[in-house]
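Read off the chains here:
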Amino acid sequence: MEAHGERLHAADILSQLAAIGLEPDGGITRLLYDPAWRQAQQAVARIMGEAGLSVSTDAIGNVYGKLEGTDRDAPSFVTGSHIDSVRFGGQYDGALGIAAGIAALSKLKQSFGQPRRTLEVVSFCEEEGSRFPLAYWGSGNVTGCKPFAGSLEAADAQGVSLREAMAGAGYDPSAHRDCRRTDIEAFVELHIEQGAVLEREQREIGIVNAIFGQRRYFVDVEGRSDHAGTTPMQMREDALAAAAEMIVRLRKAALETGDGLVATVGMLEVSPGIANVIPGNVRFSLDIRHREETAIEDFCDRTFLSFSAIAAQHRVTARYTCWLSELPSPPMDAELRERLARICDASGYAHLEISSGAGHDAGLFARICKAAMIFVPSRGGISHSPLEYTAPEEIERGCDVLTQLLYQLAYGEEGL
Ligand SMILES: NC(=O)N[C@H](N)C(=O)O
Ligand SMILES: [Zn+2]
Ligand SMILES: [Zn+2]
């Protein structure tokens, strides 16, 4: 599809966003409601406005750009992704889907004017779970899929509650349920693959069929702080020694389980964290994923049994707190997947069906409406890292597929 006049490119929007939250040593950190996050959402709103979309922000900071259709009463077709990042993340995760959505709507408006059906692009405020012990704060509230009971009291690593962070960013903490939307017919998300399948199989586009489930826990190991020089090895209640054994056991169990199950410890806090003191307390994170809930359940049960046995051997205790339990998504919409495959075939883009080990906002939408995901390749399969990279021409192909699908849906014509 070619547009007339000056074209807005997703890669250019992405570079503007990539300058926001950039760490001095590389990587991007944009955490929910922090200054970089605010700056990024303001930039998104500005770019949406410049693209000729009508811009609005909901009660928790999700930013929408709308291209209203002539059929005002019909539900919308929505595209987009999340603006937040992990700490020291890459510039493509989340932001690409927003940039692609703005570029797609801009191009459609420029080329074809007002659609019959309303199109929207959304920049979700939070998906990663990297500041507070909750995730999908954006799409979870919009879809109404997440109970978020007690979530406003959740605290970040500095002890700031979500309630305080929201108020500090200018949002009314009690209004988060006002964000719910029931007028969306389909949600389409373009995202980097974050894995190496497309690259390995030499395909340009991934059409996602399903998204894995995941659980995240805190494991708190409690022992006793004591003197590193005077406490005999047999008398110690060393929380770190126990935690280290648990982590090694976890990796071994995940490898033995196989079948695509993955288990990760990405965060470890040791207290008091002094060279000549036996650690009395350790907290570490646990992230477990699989395509089937029963496999996750079974693995967690076995893991905690083995952790408790290790704790007993070390005369320490272990507590397990689950703060995210995301079921595997329902399948992505079959008709949208077929449309995407036809678009790729007609455009000469090599494609394949793929499942996602990463969680996505689209997984929540699949519970309330039609949902689809378009993946573009990630170089070396690397993501959640400053090394994340997708080439401009790969971005263009992904955008083209997204634009064609939105055209079919909103302008009611097939086969561009
Ligand atoms: N796309 C992602 O990286 N999503 C999630 N935050 C995750 O899978 O951890
Ligand atoms: Zn991510
Ligand atoms: Zn993401």
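Rules of the game
- Residues numbered from 1 in each chain as written.
- Chains lettered and ligands numbered in written order.
- Predicted model: local features only at pLDDT ≥ 70, side-chain atom pairs only at ≥ 80, totals over all residues.
- Heavy atoms only, no water.
- Helix = DSSP H or I, 4+ residues; strand = E, 2+ residues; numbered from the N terminus.
- Rg over C-alpha atoms; globule rule 2.2 N^0.38 Å.
- Contact = heavy atoms within 4.5 Å.
- Areas by Shrake-Rupley, 256 points an atom, 1.4 Å probe, with all protein chains shown as cover.
- Lys, Arg positive; Asp, Glu negative; His and termini not counted.
- Charge placed at Lys NZ, Arg CZ, Asp CG, Glu CD.
- Buried < 20%, exposed > 50% of the residue type's maximum accessible area, 1.4 Å probe, protein only.
- Pairing = 2+ DSSP bridges.
- Donors = N, O, S within 2.8 Å, 3.2 Å for Na, K, Ca; no water.
- Near = heavy atom within 4 Å.
- Nonpolar A, V, L, I, M, F, W, Y, C, P; charged D, E, K, R; others polar.
- Domains from an automatic or database assignment.
- UniProt positions renumbered as here; feature names shortened; annotations may be inferred.
- Salt bridge = Lys/Arg side-chain N within 4 Å of Asp/Glu carboxyl O.
- Polar contact = N/O pair within 3.5 Å; in protein donor to acceptor, adjacent residues only side chain to side chain.
- Core = buried A, V, L, I, M, F, W, Y, C linked by side-chain atoms within 4.5 Å.

In the annotation of an unreviewed UniProt entry, the chain is listed under the name Allantoate amidohydrolase and assigned to Paenibacillus montanisoli.

1. Topic: the overall build of the chain
A count of helices and strands for the chain gives 11 helices and 15 strands. Here the chain has a C-alpha radius of gyration of 23 Å; the compact-globule value for 416 residues is 22 Å, and the two agree. Its C-alpha atoms put the chain at 80 × 45 × 40 Å along the principal axes. Sequence separation of at least 24 residues holds for 78% of the intrachain contacts in the chain that already meet a minimum separation of 6. Accessible surface, the chain as shown: approximately 17200 Å² in total, 51% of it carbon and sulfur. The distance from the centre of the 39 positive side-chain charges to the centre of the 58 negative ones in the chain is 2 Å.

2. So, the pairing of strand β2 (residues 63-67)
β2 sits mainly inside the fold: 4 of its 5 residues count as buried. Counted between consecutive antiparallel strands, the loop separating strand β1 (residues 54-57) from β2 contains 5 residues, among which Gly61 sits at a positive phi close to 105 degrees. Relative to strand β4 (residues 119-124), β2 is paired through 5 bridges, and the arrangement is antiparallel. Considered in β4, the bridge of Val63 is made with Ser123.

3. Considerations on the coordination of the zinc ion (ligand 3)
For the zinc ion (ligand 3), the protein coordination sphere consists of His82 (NE2), Asp93 (OD) and His191 (NE2), at 2.0 to 2.2 Å. Taken as an interatomic distance, the gap from the zinc ion (ligand 3) to the zinc ion (ligand 2) is 3.6 Å; Asp93 donates to each of them. Placement of Asp93 in the loop between β3 (76-82) and α3 (95-112) and of His191 in strand β5 (residues 184-192) is noted, with a sequence separation of 98 residues between them.

4. Remarks on the site of ligand 1
Close to ligand 1 lie Asp93, Glu127, Glu128, His191, Gln194, Gln214, Arg216, Arg289, Ala358, Gly359, His360 and His384. Across the complex, the protein chains shield 97% of the 270 Å² of accessible surface that ligand 1 would expose by itself. Taken together, the residues of the shell around ligand 1 sort by class into 1 nonpolar, 6 polar and 5 charged. Mapped onto the domain boundaries, the shell around ligand 1 takes at least three residues apiece from domain 1 (10-212 + 328-411) and domain 2 (213-326).

5. Re the UniProt feature "domain: Peptidase M20 dimerisation" (unreviewed entry) in the chain
When the UniProt feature table is mapped onto this chain, "domain: Peptidase M20 dimerisation" (unreviewed entry) is found at residues 210-298. Span residues 210-298 is 28% helix and 37% strand, its end C-alpha atoms 21 Å apart.

6. Some thoughts on the pattern of salt bridges
What the rule picks out here adds up to 27 salt bridges. Here Glu68 ties to Arg72 by a salt bridge, and the two come within 3.2 Å at their closest N and O atoms. Residue Glu68 is classed as partly exposed on the basis of its relative accessible area, which comes to 28%. Taking relative accessible area as the criterion, Arg72 reaches 62% and is therefore assigned exposed. One salt bridge connects Glu204 with Arg397, and the closest N-O pair in it is separated by 3.8 Å. Of this pair, Glu204 sits in the loop between α6 (197-201) and β6 (205-211) while Arg397 sits in helix α11 (residues 392-411), and the two are 193 residues apart along the sequence. Among the ionic contacts, a cluster of salt bridges with common partners joins Lys66, Glu68 and Arg72.

7. So, the UniProt feature "binding site: Zn(2+) 2" (unreviewed entry) in the chain
With numbering aligned to this structure, UniProt lists the feature "binding site: Zn(2+) 2" (unreviewed entry) at Asp93, Glu128 and His384. A stretch of 292 residues holds the annotated residues, and the largest C-alpha distance among them is 10.1 Å, short enough that they meet in one place. Owing to a relative accessible area of 6%, Asp93 belongs among the buried residues under this scheme. Contact partners of Asp93, with chain neighbours within four places excluded, come to His82, Asp84, Glu128, His191, Ile192, Gln194, Ser383, His384 and Glu388. At a separation of 3.1 Å, a polar atom in the side chain of Asp93 contacts the side chain of His82. The residue His384 is located in the loop between β15 (370-376) and α11 in this model. Once residues lying within four places of it in the same chain are set aside, the contact partners of His384 are Val86, Phe88, Gly89, Asp93, Glu128 and Gln194. Engagement of the side chain of His384 in a polar contact is seen with the side chain of Asp93, the distance being 3.0 Å.

8. Points about the nonpolar core
Among the nonpolar cores identified, the biggest contains 72 residues, and Tyr33, Ile102, Leu119, Trp137 and Leu162 are the most heavily contacted of them. The residues touching Leu162, leaving out its near neighbours within four places in the chain, are Leu32, Tyr33, Phe132, Leu134, Trp137, Ser151, Leu152 and Ala154. Within the second largest apolar cluster, 23 residues are counted, among which are Cys300, Phe304, Phe307 and Ile310.

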